[in-house]
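# Fold and geometry: a report
As a plain string of letters, each chain reads:
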Amino acid sequence: ILNGLVVLWCTLTTSSFLAILLTIFSYLIGQTVDDVVRFIRADHARVTFSAAVKHTVDIAQYVFPNLAAFDFKLQAAHGLYPAVGEISILFFYAAVYTLALLLISIMIFKRRDIV
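In short, a report on the structure. (Residues numbered from 1 in each chain as written. Predicted model: local features only at pLDDT ≥ 70, side-chain atom pairs only at ≥ 80, totals over all residues. Heavy atoms only, no water.)

### A look at the overall build of the protein
A count of helical and extended segments in the protein gives five helices and zero strands. When the helices and strands of the protein are placed in sequence order, the string is α-α-α-α-α. Taken against the 2.2 N^0.38 rule, which gives 13 Å for 115 residues, the C-alpha radius of gyration of the protein at 17 Å runs more than 25% over that of a compact globule. Projected onto the principal axes, the alpha-carbon positions of the protein cover approximately 55 × 40 × 20 Å. Relative to its full complement of 115 residues, the protein shows a buried share of 20%. Sequence separation of 24 or more characterises 66% of the internal contacts of the protein that already satisfy a separation of 6 or more. For the protein, the accessible area works out to roughly 8,600 Å², and carbon and sulfur atoms hold 70% of it. Counting 8 positive and 7 negative side-chain charges, the protein places the centres of these two groups 6 Å from one another. (Helix = DSSP H or I, 4+ residues; strand = E, 2+ residues; numbered from the N terminus. Rg over C-alpha atoms; globule rule 2.2 N^0.38 Å. Buried < 20%, exposed > 50% of the residue type's maximum accessible area, 1.4 Å probe, protein only. Contact = heavy atoms within 4.5 Å. Areas by Shrake-Rupley, 256 points an atom, 1.4 Å probe, with all protein chains shown as cover. Lys, Arg positive; Asp, Glu negative; His and termini not counted. Charge placed at Lys NZ, Arg CZ, Asp CG, Glu CD.)

### Overview of the packing of helix α1 (residues 2-12) against helix α5 (residues 84-111)
Interaxial distance between α1 and α5 falls to 9 Å at its minimum, and their mutual angle equals 15°. Looking at the two axes, α1 sits roughly parallel to α5. Crossing of α1 against α5: the hand is left-handed. Residues G4, L5, V7, L8, T11 and L12 of α1 pack against L101, L102, I104, S105, I108 and F109 of α5. In the contact of α1 with α5, the residues fall into nine nonpolar, three polar and no charged. (Axes fitted to C-alpha atoms, helices over the stretch in contact; angles between N-to-C directions. Parallel < 35°, antiparallel > 145°, perpendicular 65-115°, else oblique. Left-handed = near helix turned anticlockwise from the far one by under 90°. Nonpolar A, V, L, I, M, F, W, Y, C, P; charged D, E, K, R; others polar.)

### Section: the side chain of S26
Among the structural elements, S26 can be located in helix α2 (residues 16-41). A residue is classified by how much of its surface remains accessible, and S26, at 1% relative accessible area, is buried. At 3.1 Å, the side chain of S26 forms a polar contact with the side chain of W9. Sequence-distant contacts of S26, that is, excluding residues within four places in its chain, are made with L5, W9 and F64. (Polar contact = N/O pair within 3.5 Å; in protein donor to acceptor, adjacent residues only side chain to side chain.)

### A word on the pattern of salt bridges
Side-chain pairs of opposite charge can arise where the charged atoms are in close proximity. Applying the stated criterion to the full structure yields four salt bridges. The shortest N-O distance in the salt bridge between R38 and D34 comes to 3.3 Å. Taken together, the residues span about one helical turn, with R38 and D34 both in helix α2 at a distance of four residues. What emerges from the salt-bridge pattern is a single network uniting D34, D35 and R38. (Salt bridge = Lys/Arg side-chain N within 4 Å of Asp/Glu carboxyl O.)

### A look at the nonpolar core
Buried together is how nonpolar side chains tend to be arranged in soluble globular proteins. Listed in full, the nine residues of the largest apolar core are I1, L5, L8, W9, A19, L67, A94, Y97 and L101. Looking at this core, the elements with two or more residues in it are α1 and α5. When near neighbours in sequence (up to four residues on either side) are disregarded, L8 contacts L101, I104, S105 and I108. (Core = buried A, V, L, I, M, F, W, Y, C linked by side-chain atoms within 4.5 Å.)

### Looking at the environment of F72
Within the secondary structure layout, F72 lies in the loop between α3 (51-63) and α4 (73-77). Separated by ten residues in the primary sequence, F72 and P82 have C-alpha atoms spaced 7.7 Å apart.

### With respect to the packing of aromatic side chains
One pass over the structure, following the stated rule, counts three aromatic pairs. Taken together, the ring pairs in this structure connect F70, Y93 and Y97 into an aromatic cluster. (Phe/Tyr/Trp six-rings, centres within 6.5 Å; stacked < 30°, edge-to-face > 60°.)

Printed below as a string of structure tokens:
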């Protein structure tokens, strides 16, 4: 997924530094988007969120990859093996997301004027 993000950001920008920054930000958002969604949806007595914040988080949830789903450190620390079904779903998710990123990159790259 990260390689697909790198290719996408490299086709969108002309600066390699900007592509690296966008990839790092995408990684950070992908690692934390699930936690933010759960925090927003939790019922807090003293905290209220505006509709714009909830809408922005909902959009970010579907645009950025959920990289936290691929984190098996806790299970590995306890000596647990991930279920085969979970691994196959994550593999399918990663394949579809990477394919979508690469197809978007191809469409952008075809329109780019190479000099």
